[in-house]
Amino acid sequence: MKRIVILGSTGSIGRNALDVISRHRDRFKVAGLSAGSNIDLLEEQINIFKPPVVAVADGKSAGELRRRIAKGTEVLSGEEGINTVAAYKESDFVLSSIVGFSGLVPTLSAVRAGKVVGLANKESLVTAGPIVMKEAEQYGSKILPVDSEHSAIFQCVDGRDRGFLKRVILTASGGPFVGKKSGELKDVKPADALNHPNWKMGRKVTIDSATLMNKGLEVIEAAHLFSLAADRIAVLVHPESILHSLVEFTDNTMLAQMSVPDMRGPISYALSYPERLNSTVARLELEMIGKLTFYPPDTESFPCLKYAFDALKEGGTMPAVLNAANEVAVNAFLDKRVSFNTIPVIIEKTMNSHDTKRDNQLDSVIEADRWARKKAEEYVHEYSK
C-alpha cells in the first residue's frame, strides 16, 4: 500500500490524481492533502479519503475547516503547515501540484525529506532547477515527472544509456489559437483563451498554453530533469495532442510516447512507477484519428517560447524572473487589465530590466521573484486599458 500526499489537491492535477486513487484503493492510501482556500472541495476530499493530516494556505479558511470536519484529520495552516504535510513522515510519495512559484518551497520540503516526488509543479525546476536537482541527489529523493511531455520523455529513456540521447522534442497543441497571427489576437478575451481544444486544465496553465509559455516553461524543466543544454531541446506544434514527446538518439532514430490527451495517464504512471495501472485512460485508436500533424512554432506571433529559451540560456535568476513576470501578466489578462498580446511585452520588458545573479542560492531566487513581480506590476499599470 503506497501512502500518497497531494499538494494542491483541489486543483486540476490534484482532482485527477484522487480520481486515479479512487479506482485503485487496494494500492494507494491518501496520507495528506493541501489546498489554498477551497475548503468546500477539500472537505469533500477529507470525507472520502480520510487523510490523517491536511493543510490550508489561508489561515481563516483552515479555522473554518477545523470546525466542519470530524476528529481524525489534523488541519494545519499557512506555509509552515503545507511544508509539514509535504514532508509528512507517514508518506511514500508526494505529488507536487501547487500552481506557480508558491509550489517551490513545499517541493523542496518533500525533497529534503527524501520523498519520491511526482512533479507537476514545473515552476520548481523553472525557477530553481539547479537547487532542486542538487538537493534531490543530496537527500536521496527521486523526482518523477508528471507533465505529460516530460513523462513521455522519461518513459522513452528510462533504463536506457543516456549517453546515446541526442535531443528531445516536446510537442505543443498550440492551444485555442493555433495557426493565428499576432494581428488576429489583439482582441482576444479571457474566455477565448481558456477554451482549450484538447486538455482540461487550470486557468493559469490554459492561458500559458495559449501563449506557448507553458511549452517554454517545459523546455526549462526538461533541461534540468534530463541534464540537457538548450540546443538539445526542440518544440513542434502538434494540434492533435496524441504524441506527447519524442527522443532522438545518436543514430538518428526516434522513440515517442502516444496516448489520448488525459492527465490521468502521466499521473497514474508516476503513482505506480515502475509498474503500470490497468486501463487508466481511454484506449488510443489511431485509425479513428486518421492523421497526426507537426510543424514548427511561430515565435513571432507567440514570442513567449523564445523568451523561455533566452532565459534558459542566460541561466541564474533569469528563469525565475521570466516565471514571475508571466504569472503577473497572466493574472492581469484574466482580470481584463491588459490585452492578450501585452502578456509577452510585460515579460520581455521585465527580463530586460533584470540584473542576473548566478550564485544558485534559494534566497537569490526568492528575491528575484519578488523583484520581478513588482517590476511586472509596474508594466501592467503602464499598459492597463
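My aim in this report is to walk through the structure given alongside it, one point at a time. Keep in mind the model is a prediction, meaning the values are calculated, not measured.

### Quick notes on the pairing of strand E9 (residues 233–237)
Each regular strand displays side chains that alternate between the two surfaces of the sheet.
No. 1: For E9, the tally of buried residues reaches four of five residues, placing the bulk of the element in the interior.
No. 2: Pairing of strand E8 (residues 165–172) with E9, which is carried by five bridges, proceeds in the parallel orientation. Considered in E9, the bridge of Leu170 is made with Val235.

### Considerations on the nonpolar core
No. 1: Counting 119 residues, the largest nonpolar core has Ile21, Leu65, Leu322, Phe340 and Ile347 as the members making the most contacts within it.
No. 2: With twelve residues, helix H14 (residues 318–334) is the single largest residue contributor to this core.
No. 3: Those residues in contact with Ile347, other than ones at most four positions away along the chain, are Met213, Cys304, Tyr307, Leu322, Ala325 and Asn326.

### Observations regarding the packing of helix H9 (residues 203–211) against helix H10 (residues 213–225)
No. 1: Interaxial distance between H9 and H10 falls to 5 Å at its minimum, and their mutual angle equals 95 degrees. It follows that H9 is roughly perpendicular to H10 by the angle criterion. In contact with Lys204, Val205, Asp208, Ser209 and Thr211 of H9, H10 contributes Met213, Asn214 and Leu217.
No. 2: Among the residues making up the contact of H9 with H10, the classes are represented as three nonpolar, three polar and two charged.

### Remarks on the sheet that holds strand E10 (residues 243–249)
No. 1: Strand order across the open sheet formed by four strands is E9-E8-E10-E11, with mixed pairing between neighbours. Whereas interior strands pair on both sides, the edge strands pair on one side only; in this sheet they are E9 and strand E11 (254–258). The average undirected angle you get between the axes of adjacent strands in this sheet is 20 degrees.

### Some points on helix H16 (residues 362–383)
No. 1: Under the 1.5 Å per step criterion, the end-to-end length of H16 is 31 Å for 22 residues, consistent within 8% with the ideal 32 Å.
No. 2: All of the buried residues in H16 are Ser364, Val365, Ala368, Asp369, Ala372, Ala376, Tyr379 and Val380. Seen from one end, H16 has its buried residues packed into an arc of 135 degrees, which puts them on one side. Seen from the buried face of H16, the exposed residues on the opposite side, beyond 90 degrees, are Asp363, Lys374 and His381.

### Points about the environment of Cys156
No. 1: Here Cys156 is to be found in helix H7 (residues 148–157).
No. 2: Note on Cys156: relative accessible area 6%, which makes it buried.
No. 3: Sequence separation between Cys156 and Gln257 is 101 residues; the distance between their C-alpha atoms is 6.9 Å.
No. 4: Ignoring sequence-local partners within four residues, the contact set of Cys156 consists of Val247, Phe249, Leu255, Ala256 and Gln257.

### Focus on helix H5 (residues 104–112)
No. 1: Of all nine residues in H5, seven are buried, a share of seventy percent or more.
No. 2: Those residues of H5 not exposed but buried are Leu104, Pro106, Thr107, Leu108, Ser109, Ala110 and Val111.
No. 3: Next to the buried residues of H5 lie strand E1 (2–7), helix H4 (78–86), strand E5 (93–96), strand E6 (116–119), helix H6 (123–139) and H16.
No. 4: Gly114 sits one or two positions beyond H5 and adopts a positive phi of about 75 degrees.

### Concerning the packing of aromatic side chains
No. 1: The full count for this structure, using the stated rule, is five aromatic pairs.
No. 2: Residues Tyr269 and Tyr273 carry aromatic rings whose centres are separated by 5.8 Å and whose planes lie at 70 degrees to one another, so their mutual orientation is edge-to-face. Considered together, Tyr269 and Tyr273 belong to a single accessibility category, that of buried residues.
No. 3: An aromatic cluster is built from Phe154, Tyr269 and Tyr273, whose rings are joined through pairwise contacts.

### Notes on the packing of H6 against H14
No. 1: Two elements in contact, H6 and H14, have axes separated by 8 Å at closest approach and are oriented at 155 degrees. The pairing of H6 with H14 is recorded here as roughly antiparallel in orientation. For the element pair H6 and H14, the recorded crossing hand is left-handed. Of H14, the residues touching H6 (which contributes Glu123, Val126 and Thr127) are Pro319, Ala320, Asn323 and Glu327.
No. 2: Its residues placed into classes, the contact of H6 with H14 shows three nonpolar, two polar and two charged.

Conventions used here
- Residues numbered from 1 in each chain as written.
- Predicted model: local features only at pLDDT ≥ 70, side-chain atom pairs only at ≥ 80, totals over all residues.
- Heavy atoms only, no water.
- Buried < 20%, exposed > 50% of the residue type's maximum accessible area, 1.4 Å probe, protein only.
- Helix = DSSP H or I, 4+ residues; strand = E, 2+ residues; numbered from the N terminus.
- Pairing = 2+ DSSP bridges.
- Core = buried A, V, L, I, M, F, W, Y, C linked by side-chain atoms within 4.5 Å.
- Contact = heavy atoms within 4.5 Å.
- Axes fitted to C-alpha atoms, helices over the stretch in contact; angles between N-to-C directions.
- Parallel < 35°, antiparallel > 145°, perpendicular 65-115°, else oblique.
- Nonpolar A, V, L, I, M, F, W, Y, C, P; charged D, E, K, R; others polar.
- Expected span 1.5 Å × (residues − 1).
- Arc of directions from axis to C-beta.
- Phe/Tyr/Trp six-rings, centres within 6.5 Å; stacked < 30°, edge-to-face > 60°.
- Left-handed = near helix turned anticlockwise from the far one by under 90°.

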